[in-house]
Amino acid sequence: MTDRHITTTDAGVPAPSDEFSLSVGPNGPLLLQDHYLIQKMAHFNRERVPERVVHAKGGGAYGVLRITEDVSQYTKASLFRKGKETELFLRFSTVAGELGSADTVRYPRGFAIKFYTDDGNYDIVGNNTPIFFIRDPSKFSDFIHSQKRRADTHTRDNNMQWDFWTLSPESAHQVSFLMTDRGTPRNWRHMHGFGSHTFLWYNAAGEKFWVKYHFKTEQGIENLTDAEARALVAEDPDFHLRDLHTAIRNGDHPAWTVNVQIMPFEDAADYRFNPFDLTKVWPHSDYPEITIGRFVLNRNPENYFAEVEQAGFEPANLVPGVGPSPDRMLQGRLFSYPDAHRYRIGPNYLQLPVNAPKAPVHSYNRDGHMRYRNPGDPVYAPNSVNGPAADPSLYEGENYHVAGEIIRSAQVRHREDDDYVQPRALWENVLSDVDRDHMVSNIVGHASAPEVTADMKKRVADYWTNVHKDLGQRVAQGLGVA
């Protein structure tokens, strides 16, 4: 290590950690005083103008959510009342490509939903995968940089992607998913969506539950092979965008069933692995999916820029009955997403029609660029002139106790917290023989790019051997390494 520089902040101060954010104990929430995390996220959100830093290329549509089951025993959120219908806007996207990139490149797909509820906007910002590559937001900008373009040649580099992945074993589950054919969905209509994170639900009595969202396509799962996806890059780089718009225009309205997994609040403490780890899924044998409703996309945007490009989704938009969990990635995104919107589309982005809530707004925020709805007096709170006042009782139930020393560390491992257990189960128990063959060929093809070094190929083979010996052997054979 003596020949390596020490990571610093942009002010030249030695950085406290490259891996871990500052938390209350190893399993508690993150702290706003973690100035290095804030600097990394805030700077990352300002790297590109004007397109999104991530999820730049995408499309969307309007629709309606209808709740068909009574879940009042779990949450008091009004949009989840049985029989309730709520308007929504959903944006699909790719992750690492620029605004003009092709739709069918191998990436996870964004699956972001804005619900225009009676209590204001509720946003669920997820993907077509139930997991993610990392579990701490301190590594997010580094991960995305590894998937973007080199500083010297401004080209993508598979070697640096594998460099990050092989040095970050927590990525194995998501990379396994990515290297199957689900990494190249046939279109947005034929893929599932997930809230991915764990959230808190609390009911009118203050009882608490942990919840995960699953949006299951009613059109069925359809994927492209690697060869088909590559061909479409040349034939129609806007294939997914065109497919969604055409289907809705023709009256073929896509729909998704809304399922949830519910975990009793007390189960989380000694569950066999950390239930707030974004690189893990909850086994359905422990917490089966419960169907609570469905949503349909039935209306195309009239103007792409105004309604899709200017759409802003933020997991910090949480309505009474829903709260965040100690999921570190979620904790980071509570800050990062709205901060990115303030930079990219302005501090008053919530006044843009696609982002504006249907519920009345009574806020003390005022002025700033492009403001056109400015509150009158009083301009401060508290006040004695009958200005709007908060009602803390609406959020009774979301509080829970945390305690611990302020430290930087990995979260405490539960008895089955292993980075390779779940991708191994995917290989052994979920994928068909054809799926396994395609996964191996996809890995070998990606890691055979000219820029991938011989040493990196060995690391790639080791990475997959940790997942499963047979998988590692087949990858090693395909890459021509021992």
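Whatever comes next refers back to the structure up there.
Starting from 1, residues in each chain are numbered consecutively following that chain's sequence as written. Note on the predicted model: pLDDT of at least 70 is required for a residue's local features to be given, and 80 or more for side-chain atom pairs to be given and counted; whole-chain, interface and lining totals, by contrast, use all residues. Values shown for side chains rest on all heavy atoms present in the structure; no hydrogens or waters enter the calculation.

Our focus in this paragraph is empty space enclosed by the protein. To find the voids left in a structure, one rolls a probe of water-molecule size over its atoms. A cavity here means a set of points on a 1 Å grid, drawn over the protein atoms and nothing else, where a 1.4 Å probe fits but cannot get out; a pocket is an open set with protein on both sides within 12 Å along at least five of seven lines, and a residue lines either one if it has an atom within 4 Å of a point. Grid points are joined across faces, edges and corners, and a volume is the space filled by probe spheres set on the points. Counted by the stated rule, this structure contains five cavities of 30 Å³ or more. Looking at the largest cavity, its volume works out to about 440 Å³. Each helix is a run of H or I in the DSSP string that is no shorter than four residues. Each strand is a run of E no shorter than two, and both are numbered from the N terminus. In terms of residue count, helix H8 (residues 328-344) provides more of the lining of the largest cavity than any other element does, seven residues in total.

When its volume is computed, the largest pocket comes out at roughly 1300 Å³. Gly is placed with the polar residues, together with every amino acid not listed as nonpolar (Ala, Val, Leu, Ile, Met, Phe, Trp, Tyr, Cys and Pro) or charged (Asp, Glu, Lys and Arg). For the lining of the largest pocket, the class distribution of residues is 18 nonpolar, nine polar and nine charged. Each pocket or cavity is described by its volume, and for the second largest pocket that value is around 900 Å³. Taken together, 28 residues line the second largest pocket, and the ones lying closest to its centre are Thr7, Asp18, Tyr36, Lys40 and Asp142. Counting only elements with at least two residues in the lining of the second largest pocket, the list comes to helix H1 (35-44), helix H2 (140-147) and helix H3 (158-166). Residue contributions to the lining of the second largest pocket peak at five residues, all from H1. For the lining of the second largest pocket, the class distribution of residues is eight nonpolar, eleven polar and nine charged.

This paragraph deals with a nonpolar patch on the surface. Like charges are joined within 9 Å and nonpolar side chains (Val, Leu, Ile, Met, Phe, Trp, Tyr) within 5 Å, but only among residues with over 30% relative accessible area and no salt bridge; these make up the patches. What sets the accessible areas is the Shrake-Rupley method with a 1.4 Å probe; for residues, cover comes only from the shown protein chains. The working definition used for a salt bridge is a side-chain nitrogen of Lys or Arg within 4 Å of a carboxyl oxygen of Asp or Glu. Side chains of Val379, Tyr380 and Val385 sit close together on the surface and give an oily, nonpolar patch of about 270 Å² of accessible area. Looking at where Val385 falls in the secondary structure, it is placed in the loop between H8 and strand S12 (406-408).

Relative accessible area decides the class of each residue, using a 1.4 Å probe on protein chains only: under 20% of the type maximum gives buried, over 50% gives exposed, and in between gives partly exposed. Burial within H3 is extensive, with eight of its nine residues counted as buried. Every buried residue of H3 is listed here: Asn158, Asn159, Met160, Gln161, Trp162, Phe164, Trp165 and Thr166. Should any heavy atoms of two residues lie within 4.5 Å, those residues are counted as being in contact. Structurally, H3 contributes buried residues whose contacts are with H2, helix H4 (172-178), helix H10 (433-447) and helix H11 (454-467). Any pair of nitrogen or oxygen atoms within 3.5 Å is treated as a polar contact; in protein, a donor-acceptor pairing is required on top of that, and neighbouring residues in sequence qualify only through side-chain atoms on both sides. N-capping of H3 is provided by Asp157, with a side-chain oxygen placed 2.7 Å from the backbone N of Asn159.

Further remarks concern the environment of Gly100. Here Gly100 lies in the loop between strand S3 (85-94) and strand S4 (109-117). C-alpha separation for the pair Gly100 and Ser393, spaced 293 residues apart in sequence, amounts to 47 Å.

This next bit is on the environment of Tyr36. With respect to the helices, strands and loops of the structure, Tyr36 is situated in helix H1. C-alpha separation for the pair Tyr36 and Val13, spaced 23 residues apart in sequence, amounts to 9.8 Å.

The description of two helices packed together rests on the angle between their axes and the distance between the axes. Throughout, an axis means a line fitted to C-alpha atoms (over the contacting stretch in the case of helices), and angles, computed between N-to-C directions, take values from 0 to 180 degrees. Following both chains from N to C, one finds H10 and H11 inclined at 155°, their axes separated by 11 Å at the closest point. With respect to H11, the axis of H10 lies roughly antiparallel. H10 and H11 meet at a crossing whose hand is right-handed. Contacts from Met439, Ile443 and Ala447 in H10 reach Lys457, Val460 and Trp464 in H11. A class-by-class count of the residues in the contact of H10 with H11 yields five nonpolar, no polar and one charged. An angle counts as roughly parallel when it lies under 35 degrees, as roughly antiparallel when it exceeds 145, as roughly perpendicular when it falls between 65 and 115, and as oblique in every other case. In this scheme, a crossing is called left-handed if the near helix is turned counterclockwise away from the far one by less than a right angle; it is called right-handed if the turn is clockwise.

Topologically, Arg109 is positioned in strand S4. Working convention for charge: Lys and Arg count positive, Asp and Glu count negative, and His plus the chain ends are omitted. Of the buried charged residues, Arg109 lacks a salt bridge, with Asp103 as the closest side chain of opposite charge at 6.9 Å. A distance of 2.4 Å separates a polar side-chain atom of Arg109 from the backbone oxygen of Asp103. A polar contact is formed between the side chain of Arg109 and the backbone oxygen of Val105, at a distance of 2.8 Å.

The next point concerns the side chain of Asp339. Relative to the assigned elements, Asp339 resides in helix H8. A distance of 2.7 Å separates the side chain of Asp339 from the side chain of Arg46, its partner in a polar contact. When residues no more than four places from it in sequence are discounted, the contact partners of Asp339 are Ala42, Asn45 and Arg46.

It is worth spelling out the environment of Arg272 at this point. Structurally, Arg272 can be placed in the loop between strand S9 (255-264) and strand S10 (290-299). Taking the C-alpha atoms as reference, Arg272 lies 10 Å from Asp418; in sequence the two are 146 residues apart. The residues touching Arg272, leaving out its near neighbours within four places in the chain, are Pro283, Asp286, His414, Arg415, Glu416 and Asp417. Polar contacts involving the side chain of Arg272 include one to the side chain of Asp286, which spans 2.8 Å.

The next point concerns the packing of aromatic side chains. Each aromatic ring pair is characterised by the separation of its centres together with the angle its planes make. Within 6.5 Å between ring centres, the rings of Phe, Tyr and Trp (the latter by its six-membered ring) count as paired, and their orientation is classed by plane angle as stacked under 30 degrees, edge-to-face over 60, tilted in between. Applying the stated criterion across every chain, the model contains 35 aromatic pairs. Pairing Phe111 with Phe215 gives two aromatic rings, centres 5.8 Å apart and planes at 10°, and the pair type is stacked. With Phe111 in strand S4 and Phe215 in strand S8 (residues 208-217), this pair connects stretches of sequence that are 104 residues apart. The buried category is assigned to Phe111, whose relative accessible area is 0%. With 5.7 Å between their ring centres and 45° between their planes, Phe143 and Phe164 make a pair best called tilted. With Phe143 in helix H2 and Phe164 in helix H3, the pair connects residues that are 21 residues apart, well separated along the chain. Each member of the pair, Phe143 together with Phe164, is buried. Joined through ring pairs, the aromatic side chains of Phe80, Phe92, Phe111, Phe115, Tyr122, Trp188, Phe199, Trp201, Tyr213, Phe215, Trp256 and Phe295 make up one cluster. We note Lys358 situated over the ring of Tyr116; from NZ or CZ to the ring centre the distance is 4.9 Å. Placement of a charge over a ring requires the Lys NZ or Arg CZ to be within 6 Å of the ring centre, with the centre-to-atom vector within 35 degrees of the ring normal.

These figures capture arrangement, not role.
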